[in-house]
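Okay, here's what each chain looks like letter by letter:
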Amino acid sequence: MEEHAIKNTINSFLEIVKWGASIEFQKRVWIRMEGPECVDFQEFLCFLGDFGLHLNEKQYKLNKHQLKLISEYSKMVRYFYMNYTSEEEFIDTPEWANAIKKANEILEAFGVK
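All of these numbers come straight from a predicted model, not from anything done at the bench.

Asks: How should I be thinking about the confidence of the model for the chain in this particular structure?
Replies: Caution applies to low-pLDDT regions: their predicted coordinates should not be interpreted in detail. Per-residue pLDDT for the chain averages 89, and the proportion of residues at 70 or more is 93%. Mean pLDDT values for the elements of the chain range from 72 in helix α4 (residues 57-60) up to 97 in helix α7 (residues 94-109).

Asks: Hey, could you run me through the environment of phenylalanine 110 in this one?
Replies: Its place among the elements puts phenylalanine 110 in the segment after α7. For the pair phenylalanine 110 and asparagine 63, spaced 47 residues apart in sequence, the C-alpha to C-alpha distance is 9.9 Å. In this view, phenylalanine 110 contacts Ile10, Leu14, Leu62, Gln66 and Ile70; residues no more than four positions away in its chain are not counted.

Asks: Can you help me understand the pattern of salt bridges in this one?
Replies: When the charged atoms of two side chains with opposite charge come close together, those side chains can pair. Here the structure, examined in full by the defined rule, presents eight salt bridges. Measuring nitrogen to oxygen at the nearest pair gives 2.9 Å for the salt bridge that ties lysine 18 to glutamate 15. Of this pair, lysine 18 and glutamate 15 both sit in helix α1 (residues 3-20), three residues apart, which is roughly one turn of the helix. Using a relative accessible area of 42% as the deciding quantity, one classes glutamate 15 as partly exposed.

Basis of the calculations
- Residues numbered from 1 in each chain as written.
- Predicted model: local features only at pLDDT ≥ 70, side-chain atom pairs only at ≥ 80, totals over all residues.
- Heavy atoms only, no water.
- pLDDT = per-residue confidence, 0-100.
- Helix = DSSP H or I, 4+ residues; strand = E, 2+ residues; numbered from the N terminus.
- Contact = heavy atoms within 4.5 Å.
- Salt bridge = Lys/Arg side-chain N within 4 Å of Asp/Glu carboxyl O.
- Buried < 20%, exposed > 50% of the residue type's maximum accessible area, 1.4 Å probe, protein only.

Right, here's the structure in full:
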């Protein structure tokens, strides 16, 4: 994979992680369904999963810390998908607050403000 394609893939992934790092985004888009974005929690998981399926530390030049955070975050968000029927059920829980914190840790690990 070419360097610019790798960078584009990682940047796209980080844009998705930004959704997971913002309770304001989640409440606006997932709960109130206000745009301009139109993505729900299930689509968010699919976008995350698409990156995770193709995750190759050498190809994407990820360090162990970045990989660990991505893996932990993926497990956290899958838990909510498997154990709740709607975003409203979990969005204000302390557990979801931990998932938001983990998303912000990913952004920080990639140098995203």
